[in-house]
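One-letter residues, chain by chain:
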Amino acid sequence: MESLFESSSREETAVTKTGVNSSMDVYTDMIVSLVQENYLALAVAAVVFLVYIAYYLLFVVQSPVIACGDVKLRQFLEDNCPISKEKFWPTWWAFEGRVQTLLRAFIQSCPRIDYTGEFIKCPDGGVIKLDWLENDQNSKHSRDSRPTIMMMPGLTGNSSESYILHMVEDATAMGYRSVVFNNRGTCGTPLQTPRTYCAANTEDTAHVIDYIKKKYPDAPLMGIGISLGGMILFNYMAHYGKDARLSAAMCISANWNIQMGTASLESPINYHLFNRFLAKALCCLVEKHSHIFEKHADLKIPHVLKSQSIRDFDERFTSKVFGYESVDHYYDHATLHTKVHALGKPVLCLNAADDPFSPAKTIPLEDAEKNDNIAIVMTSHGGHIGFMEGSVPRHRSYMYRWVRQFVPAVFEHGVKNM
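Note that the structure is predicted; figures quoted are calculated from it, not measured.

Definitions and limits used
Residues numbered from 1 in each chain as written. Predicted model: local features only at pLDDT ≥ 70, side-chain atom pairs only at ≥ 80, totals over all residues. Heavy atoms only, no water. Pairing = 2+ DSSP bridges. Helix = DSSP H or I, 4+ residues; strand = E, 2+ residues; numbered from the N terminus. Axes fitted to C-alpha atoms, helices over the stretch in contact; angles between N-to-C directions. Contact = heavy atoms within 4.5 Å. Parallel < 35°, antiparallel > 145°, perpendicular 65-115°, else oblique. Nonpolar A, V, L, I, M, F, W, Y, C, P; charged D, E, K, R; others polar. Phe/Tyr/Trp six-rings, centres within 6.5 Å; stacked < 30°, edge-to-face > 60°. Buried < 20%, exposed > 50% of the residue type's maximum accessible area, 1.4 Å probe, protein only. Right-handed = clockwise from strand over helix to strand, strands pointing away. 1 Å grid on protein atoms, 1.4 Å probe; cavity = no way out; pocket = protein on both sides within 12 Å on 5 of 7 lines; lining within 4 Å. Points joined across faces, edges and corners; volume = space filled by probe spheres on them. Core = buried A, V, L, I, M, F, W, Y, C linked by side-chain atoms within 4.5 Å. pLDDT = per-residue confidence, 0-100.

Draft legend 1. Expanded view of the sheet that holds strand 4 (residues 148-152). If you walk across this open sheet you meet the nine strands as 1-9-8-7-6-4-5-3-2, and the pairing is mixed. Across the chains shown, the open sheet's two edge strands, defined by having one partner strand only, are strand 1 (65-67) and strand 2 (116-121). Averaged over all pairs of adjacent strands, the angle between strand axes in this sheet comes to 20°, irrespective of strand direction. Against the sheet, helix 15 (residues 398-413) contacts strand 4, strand 6 (221-226), strand 7 (249-252), strand 8 (347-352) and strand 9 (374-379), and its axis sits at roughly 160° relative to strand 6.

Draft legend 2. Focus on the packing of helix 12 (residues 310-321) against helix 13 (residues 327-334). Axis separation between helix 12 and helix 13 bottoms out at 9 Å; the angle between their running directions is 95°. Here helix 12 lies roughly perpendicular to helix 13, going by the angle between them. Where helix 12 approaches helix 13, its residues Ile-310, Arg-311, Asp-314, Glu-315, Thr-318 and Ser-319 are matched on the opposing element by Val-327, Asp-328, Tyr-330 and Tyr-331. Of the residues that constitute the contact of helix 12 with helix 13, the class distribution is four nonpolar, two polar and four charged.

Draft legend 3. A look at the packing of aromatic side chains. Per the stated rule, a full pass over the model turns up 17 aromatic pairs. Summarising the aromatic geometry, the rings of Tyr-55 and Phe-59 are spaced 5.3 Å apart at their centres and angled 35° between planes, so their arrangement reads as tilted. Within this pair, Tyr-55 and its partner Phe-59 are both found in helix 2 (residues 39-60), separated by four residues, close to a single helical turn. Residue classification places Tyr-55 among the partly exposed residues on the basis of a relative accessible area of 40%. Overall, the relative accessible area of 47% leaves Phe-59 in the partly exposed class.

Draft legend 4. Broad picture of the environment of Lys-215. As for its placement among the helices and strands, Lys-215 is situated in helix 6 (residues 203-215). Looking at Lys-215, the relative accessible area reads 35%, which means it is partly exposed. Between the C-alpha atom of Lys-215 and that of Asp-144, which follows or precedes it by 71 residues, the distance is 8.9 Å. Beyond its immediate chain neighbours, meaning those up to four positions away, Lys-215 contacts Glu-118 and Trp-132.

Draft legend 5. Highlighting unusual backbone geometry. The residue Asn-135 is not glycine, and still its phi comes out positive at about 65°. Among the structural elements, Asn-135 can be located in the loop between strand 3 (127-133) and strand 4. On the basis of relative accessibility, which here comes to 3%, the residue Asn-135 falls in the buried class. Positive phi is not limited to glycine here, since Phe-387 has a value of about 55°. In this fold, Phe-387 is placed in the loop between strand 9 and helix 15.

Draft legend 6. Expanded view of the pairing of strand 6. Judged by how many residues are buried, strand 6 sits mostly within the fold: six of six residues are covered. Burial of strand 6 is two-sided: the residues Leu-221, Gly-223 and Gly-225 facing one way and the residues Met-222, Ile-224 and Ile-226 facing the other way are all buried. By the bridge criterion, four bridges tie strand 6 to strand 7 in an arrangement that is parallel. For Gly-223, the partnering residue across the bridge sits in strand 7 and is Ala-249. After leaving strand 6, the chain enters helix 7 (residues 228-240) and then returns to the sheet as strand 7, a path that is right-handed.

Draft legend 7. Structural view of the layout of surface pockets. The volume enclosed by the largest pocket comes to roughly 950 Å³. Forming the walls of the largest pocket are 44 residues, and the residues nearest its centre are Leu-155, Thr-156, Ser-227, Leu-278 and Phe-357. Where the lining of the largest pocket is concerned, the elements lending two or more residues are helix 4 (97-107), helix 5 (162-173), helix 7, helix 8 (258-265), helix 9 (268-288), helix 12 and helix 13. A total of seven residues in the lining of the largest pocket trace back to one element, the largest contributor, which is helix 9. Taken together, the residues of the lining of the largest pocket sort by class into 27 nonpolar, 14 polar and three charged. Size it by volume and the second largest pocket reaches roughly 180 Å³. What lines the second largest pocket is simply Ala-200, Asn-201, Thr-202, Asn-235, Ala-238, His-239, Tyr-324, His-333 and Lys-339. Among the elements that make up the lining of the second largest pocket, the one with the highest residue count is helix 7 (three residues). Residues belonging to the lining of the second largest pocket are distributed by class as follows: three nonpolar, five polar and one charged.

Draft legend 8. View of empty space enclosed by the protein. Summed over the entire model, instances satisfying the criterion amount to one cavity of 30 Å³ or more. Estimated volume of the largest cavity: approximately 60 Å³.

Draft legend 9. Focus on the nonpolar core. Met-150, Phe-234, Trp-256 and Ile-374 are the most contacted members of the largest nonpolar core, which has 69 residues in total. If one sorts the elements of this core by residue count, helix 7 sits on top with eight residues. Residues contacting Ile-374, with those up to four places away along its chain left out, are Ala-67, Cys-68, Leu-73, Phe-234, Trp-256, Val-340, Leu-343, Val-347, Cys-349 and Ala-368.

Draft legend 10. Seen up close, the confidence of the model for the protein chain. When pLDDT is averaged along the protein chain, the result is 91, and 89% of the positions lie at 70 or above. The low-confidence segment residues 1-20, where pLDDT is below 50, has zero contacts with residues more than four positions distant or belonging to other chains.

Next comes the structure, spelled out in structure tokens:
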């Protein structure tokens, strides 16, 4: 009986194995059949993929162009910023400028930052909100002498933007104090006067910097401006020259020539992807405080709220609020590429050649080679405030690595040798 049972068991096992082998054969035949039927499509897909990778390696992965005629500043970057000698490897599946710009805004993580908010008054009665992270738990520096980074967000941004949060997180890890300068009317700030902010006006920036220096007179201070924030910061540095009260500045994705940058945003694709949404956000800011702006004689609020582009908005609102004859007058006054010669303190500028907000041809590389106190780093890709790298670009980016190297170089090695 025992022998018979064992024999039966072996037969069942054999049948089972035969069934498995039969199933495997069926699946194998199916796969072979699918490959044979779709051979041409698979071959084409393989060739396309190889061409894509070859293009990425040959034309996308490149070392940045660094335009800097200031010998001491260039040497400073080479000695203290190893990233200046590295190639930039943009996210391989999303390296195009517009894709980088949009994707960062949607997928980048937002570190949790617990700010301490402070409202300060301006000479004209306006109010500005500063968001501080003192970093007192870090014993590397005393509170009075702790180096401070003033951060300036973009056009419709504030201290809760992902790029600001990451920079604050990095500054904290390095032992520094952060203060985010939120423009009037943003980040829940009540608007007290019929005036907001613009790329050309540096009065609020000067006021904030003076306030920070008065509060912490022994603490070194530098600024980082992103997009519009970078434009305002650059204009401040150019306006005050050697009297600028910052040790150095870093401007990321600034628009060098507003006329040409605006024209780029008015192309069909850029208009639908970026321009009209930013214009709508600006209109919402005005609508929220319409009772304040109704007191301004030159403004027609219903007309302003119909703005379909940034240029429309600047023509109907910004230029009038700040007393310009026209939008072109405002743009000419705000533009950066004509002011490179006026810098009196070191300014590092990071731009991408495929930035839809600031085309490569507007970036004044030749002027940077002829003047002191400026270094322009231009990558072949990166978009507008994108600079994503790695296969899963949710956290770190090339932009943040520049911040983590340039900022401590300024604070720890100083600018006396530049």
